[in-house]
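Structural overview for review
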Amino acid sequence: MMTRFFFLLLCCTAWAEEEIARLTTPRYSLILKKNPFSYQIEVEKDLVLKSSIEVNQRGKYEYQQTISMSENQIRVALKGSEGQVFLEFLLRPHFLEIQSQILCNRDLKTFSPLTGLLNLVPEQTRILENGYDFYYDYYPRLIPGTEKAKSNWSALFTNLKNRSVLCSFLQYFQATAQVFSSPQNQQIALQVQLNYDPPLKSGTSLREAEPLVLIFSDSPFQCLEQLSHIFAKQLLQKGYESWTGPVPDGWCSYQGGPDFGGYGENIHQQLILENLESMKTRLKPFGMRYFQISQGWETAVGDWDTDLKKFPQGMKWLADEIRRQGFIPGLTISPFVASNQSALYRNHPDWFVPKSLAGRLGSPKECMILDISKPEIKQFILDQIRQVTKEWGFQYLKMDNTYWALFGTKFFQKDQTYSQVFVEMMKEIRKQTPPDVFLSAVGIVGLNYYFVHGLKSNLDTLPVWLQPELEWKGRGVKETYRVLARRYYFPKGLFVQDPDLIYFRKPLTSEQSQNYVQAVGYSGGMVRVGEPISSLTPQQVHSIGALLPAYHQVGTPQDLFLREYPECWTLMFKDHFHIGLFNWGENLEFGQKAPIPAGTRKQTISLKNFQKSGSYHAVEFWSENYLGIVSNQLQTEVPAYQSLSITLTPVLEVPSLIHSNRHLFLLTPEEGTSFEGNQLFFTSHLVPEFDHHWIVSVPKPWRFEKLEGLSGEVKQIDSLLHIYFSGASQSTLHEWSILFQQGS
């Protein structure tokens, strides 16, 4: 399906017919008209948009002049009661971009480059928000078009048939960006808006308002993934490179906090060293790399001083010891806040700002907010980060509670908006951070994604299944999964998603934990464990090990717009692909009031939906059951609260690997196979104290001759060759092969 483009809007006055300019591609036309200024887009000769602009919620801007024009770009000057606006329309290969400049003769509070009517029937439309009402960024709603939307910086509208529209700002460096919609006369009224808080002063020359892009496609997934590619390109253009190193994985000491059976801040040196030793013997052989010390290492949040009663040899010694054991040391910091019990707060009360009403309601009383616009406070934070990374040697920084900085008011830099204060601080942190340090944050996506390598956009996950009594504030693994699925597309070229911690302890059942383990794998996110390593059973170690090392590849939740909790994911590789099936218990079909009850789910999956043809071997990973050869569709059942991961490899005329129990996605990133002559060659990651199992398809007229380079056990059942091996003395990449002959 070829991506098309769209744009929408409402104008309350009569539309002038005098045309200024027209830009045309084979699929669509952009038409500008004047007095008052408007623009419209025709797709395949059908009018899909009529639009004007608003500044401070005032419209009726008059056309002044065309400044420049080419076959794919036009820049015009407009004038209205609020001042001058310069608009530049850029027809990109896969989207339309609108850039704006504003010269305002009044305080600038809001700017809307698009306010209009979307030609979708509300009852047939689904809207995917990207966080709700600014502060609830951790709650991306999926709602029907009959409801009002109030999305953070981007929103997708789709009828799931032939029209999907995505409008998104590419950044909010100065303003908070929102997308509003509501049903109106069998259409959807749409407004995208930039909010400046505090307002920019009269006479301000805003050289670059936040750019807006619009994408129109038959497929909602194409819209979302195209947006991620646009973001990735923006990163490079602004000098920020995405993380190209290994996806971080590892252990975190917080473990959900003491109220839910975790360590929380109750950590000390001996406890950390015990887990380090257990991780070295149990998970390092699978490829786990990172070891993170969370809250509890400081004398008080904000002081950045090691609590020597807990850690008598200090944090530099501990980071060195973690590295000596073969891991990458990580540390949690809260750079923008301090405790009211900290020495920093006692000694520098003038370094802190008052909280807004949202801050008083949404942050702990003991949490005080630093004035991160003050030069001396900026330097203090940068000095501490330099100490943690360059002096102590931590190479993974998790910046917690960054969103609390947005609860501050009356910053020192009165000529900057609150968004701008935050962004300027983040720019300096990214610049200060050494290139080999993975920088992760917990915070609002739009304000952070330029500056961090990893991002957690959900609330802290707890070791419980669901918290329905908290509604959208629930922090169970099922609720975290919902956020993970609805933001699946961001890691496709942008940042590494942080799904938070994997838990196995009660009240979670083993099936529920396994469900979330598989979800983390298909998300392409960080693999982080929230349990004492010594408490893990061998099966739990294998479950985590099956995700290690993690791939950068990201799966797609195919029923994202059909169910509250998607139950079918796909993940494509060059030579094979995977279908992840989930049963989340009680679920909700979109548009239905009665929930789907918990119970066994029957799944029929058409391979044609994934543009796959031919025949494939199907093997379920966790049970290692061979499901046979499938061609057009796959039929199976998923018991309640369980998950299946089905590997599909093409049926070949030569022997080929169709299953390995070492990795969820058939091969680790370092492994490989190739068939040459009459030998199937392997590069395999062997793990000590692990029972390896490979399944190889042996089509006629090939027959097994012998193993070379591996002293494993071989069993042949019909055309399937099973190889078993458990004699690895150390974790290593090992080369071996299977020799075949042709004929009976």
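1. Observations regarding the sheet that holds strand 39 (residues 643–650)
One open sheet accounts for 6 strands, arranged 32-33-34-39-36-37; its pairing is antiparallel. Here the strands that pair on one side only, and so sit at the sheet edges, are strand 32 (556–557) and strand 37 (626–630). Relative to strand 39, strand 36 (residues 616–620) runs antiparallel, the two being bridged by 5 bridges. Directly across from Tyr616, in strand 39, lies its bridge partner Pro650.

2. Quick look at the pattern of salt bridges
On inspection of all chains with the given rule, the structure shows 28 salt bridges. Its salt-bridge partner being Arg563, residue Glu567 comes within 2.5 Å of it at the nearest N-O pair. Here the salt bridges do not stand alone but share partners, grouping Lys456, Asp460, Asp498, Asp500 and Arg528 into one network.

3. Side note on the sheet that holds strand 44 (residues 702–708)
Spatially, the 4 strands line up as an open sheet ordered 41-42-47-44, and their pairing is antiparallel. Edge positions in the sheet fall to strand 41 (672–676) and strand 44, since each of these pairs with one other strand and no more. Taken over all neighbouring pairs, the strand axes of this sheet differ in orientation by 25° on average, direction set aside. Note: strand 42 (residues 679–686) against strand 47 (residues 732–742), 8 bridges, orientation antiparallel. The residue of strand 47 that forms the bridge with His685 is Leu733.

4. Considering the packing of aromatic side chains
Per the counting criterion, the structure on display carries 52 aromatic pairs. Seen in terms of ring centroids, Tyr39 and Phe89 are 5.0 Å apart; in terms of plane orientation they differ by 65°. Their pairing is edge-to-face. Taken together, the residues span a long stretch of sequence, with Tyr39 in strand 3 (residues 38–43) and Phe89 in strand 8 (residues 83–91) at a distance of 50 residues. Classification of Tyr39 as buried rests on a relative accessible area of 0%. Directly above the ring of Tyr565 sits Lys478, whose terminal nitrogen or CZ lies 4.6 Å from the centroid.

5. Notes on the environment of Tyr450
Within the fold, Tyr450 resides in the loop between helix 8 (445–448) and strand 28 (454–456). The exposure class of Tyr450 is buried, given its relative accessible area of 1%. For the pair Tyr450 and Leu627, spaced 177 residues apart in sequence, the C-alpha separation works out to 44 Å. Apart from the residues within four sequence positions on either side, Tyr450 is in contact with Leu170, Gln171, Phe173, Gln234, Leu235, Lys238, Tyr240 and Arg430. At 3.4 Å, the side chain of Tyr450 forms a polar contact with the side chain of Gln171.

6. Quick look at the state of the cysteines
With the rule as written, the count across this model stands at 0 disulfides. Cys167 supplies the cysteine sulfur nearest to Cys223, a cysteine that is in no disulfide, at a spacing of 10 Å. With no disulfide of its own, Cys367 has Cys252 as its nearest cysteine by sulfur position, at a separation of 19 Å.

7. Some details on helix 2 (residues 269–282)
Under the 1.5 Å per step criterion, the end-to-end length of helix 2 is 20 Å for 14 residues, consistent within 8% with the ideal 20 Å. For helix 2, every residue scored as buried is listed here: Gln269, Leu271, Ile272, Asn275, Leu276, Ser278 and Met279. Packing partners of the buried residues in helix 2 comprise strand 20 (249–252), strand 21 (290–293) and helix 3 (314–324).

8. A closer look at the layout of surface pockets
In this structure, the second largest pocket spans a volume of roughly 1100 Å³. Taken together, 34 residues form the lining of the second largest pocket, with Phe221, Thr556, Gln558, Asn609 and Phe610 sitting closest to its centre. For the lining of the second largest pocket, the elements supplying multiple residues, two or more each, are helix 1 (220–237), strand 33 (568–572) and strand 35 (601–606). Broken down by element, the residue count for the lining of the second largest pocket peaks at 6 residues, all from helix 1. When grouped by side-chain class, the residues that make up the lining of the second largest pocket number 13 nonpolar, 14 polar and 7 charged.

9. Looking at the side chain of Gln514
Counting through the fold element by element, Gln514 comes out in helix 10 (residues 510–523). Excluding its chain neighbours within four sequence positions, the residues that come into contact with Gln514 are Ser543, Trp622 and Ser643.

10. Some words on the pairing of strand 17 (residues 187–200)
The buried fraction of strand 17 is high, at 10 of 14 residues. As judged from the 8 bridges shared by strand 10 (residues 108–118) and strand 17, these two strands associate in the antiparallel manner. Opposite Thr115, over in strand 17, you have Gln191 as the bridge partner. Two strands pair when backbone bridges link them, and strand 16 (residues 176–184) and strand 17 are joined in this way by 9 bridges, in the antiparallel orientation. When the sheet's bridge partners are listed, Thr176 is paired in strand 17 with Asn195.

11. Details of the packing of helix 9 (residues 477–486) against helix 10
Interaxial distance between helix 9 and helix 10 falls to 11 Å at its minimum, and their mutual angle equals 15°. It follows from the interaxial angle that helix 9 and helix 10 lie roughly parallel. For the pair helix 9 and helix 10, the sense of crossing is left-handed. Every residue of helix 10 that contacts helix 9 at Val477, Thr480, Tyr481 and Leu484 is listed here: Tyr516, Ala519 and Ser523. Among the residues making up the contact of helix 9 with helix 10, the classes are represented as 5 nonpolar, 2 polar and no charged.

12. Quick word on helix 10
Taking 1.5 Å per residue, 14 residues should reach 20 Å; helix 10 reaches 20 Å between its end C-alpha atoms and fits that length. Taking burial as the measure, the 14 residues of helix 10 include 12 buried ones, the bulk of the element. The set of residues buried in helix 10 consists of Gln512, Ser513, Gln514, Asn515, Tyr516, Val517, Gln518, Ala519, Val520, Gly521, Tyr522 and Ser523. At the exit of helix 10 stands Gly524, carrying a positive phi of roughly 70°.

13. Section: unusual backbone geometry
Put simply, Lys506 and Pro507 share a cis peptide bond, and its omega is 15°. Following Lys700, the chain continues to Pro701 via a peptide bond in cis, the omega torsion being 10°. Looking at the secondary structure, you find Pro701 in the loop between strand 43 (692–697) and strand 44. The phi torsion at Asp133 lies on the positive side, around 55°, for a residue other than glycine. Here Asp133 is to be found in the loop between strand 11 (126–129) and strand 12 (142–144). Of the residues examined, Asp133 reaches a relative accessible area of 25% and is grouped as partly exposed. Phi is positive for Asn185, which is not a glycine, with a value near 50°. Mapped onto the elements of the fold, Asn185 is located in the loop between strand 16 and strand 17. Judged by relative accessible area, which is 69%, Asn185 ranks as exposed.

14. Some thoughts on the packing of helix 2 against helix 3
Running from amino to carboxyl end, helix 2 crosses helix 3 at an angle of 10°, the nearest separation of the two axes being 11 Å. In this view, helix 2 runs roughly parallel relative to helix 3, as classed from their interaxial angle. Contacts from Gln269, Ile272, Leu273 and Leu276 of helix 2 reach helix 3 at Trp317, Leu318, Glu321 and Ile322. Broken down by class, the residue content of the contact of helix 2 with helix 3 amounts to 6 nonpolar, 1 polar and 1 charged.

15. Here we look at the environment of Gly525
On the secondary structure map, Gly525 appears in the loop between helix 10 and strand 31 (527–529). For the pair formed by Gly525 and Ser202, sequence separation is 323 residues and the distance between their alpha carbons is 45 Å. Once residues within four sequence positions are removed from consideration, Gly525 is found in contact with Val247, Val496, Gln497, Pro499, Val520 and Ala550.

Reading guide: rules and limits
Residues numbered from 1 in each chain as written. Predicted model: local features only at pLDDT ≥ 70, side-chain atom pairs only at ≥ 80, totals over all residues. Heavy atoms only, no water. Pairing = 2+ DSSP bridges. Helix = DSSP H or I, 4+ residues; strand = E, 2+ residues; numbered from the N terminus. Salt bridge = Lys/Arg side-chain N within 4 Å of Asp/Glu carboxyl O. Axes fitted to C-alpha atoms, helices over the stretch in contact; angles between N-to-C directions. Phe/Tyr/Trp six-rings, centres within 6.5 Å; stacked < 30°, edge-to-face > 60°. Buried < 20%, exposed > 50% of the residue type's maximum accessible area, 1.4 Å probe, protein only. Lys NZ or Arg CZ within 6 Å of the ring centre and 35° of its normal. Contact = heavy atoms within 4.5 Å. Polar contact = N/O pair within 3.5 Å; in protein donor to acceptor, adjacent residues only side chain to side chain. Disulfide = S-S within 2.5 Å. Expected span 1.5 Å × (residues − 1). 1 Å grid on protein atoms, 1.4 Å probe; cavity = no way out; pocket = protein on both sides within 12 Å on 5 of 7 lines; lining within 4 Å. Points joined across faces, edges and corners; volume = space filled by probe spheres on them. Nonpolar A, V, L, I, M, F, W, Y, C, P; charged D, E, K, R; others polar. Parallel < 35°, antiparallel > 145°, perpendicular 65-115°, else oblique. Left-handed = near helix turned anticlockwise from the far one by under 90°.

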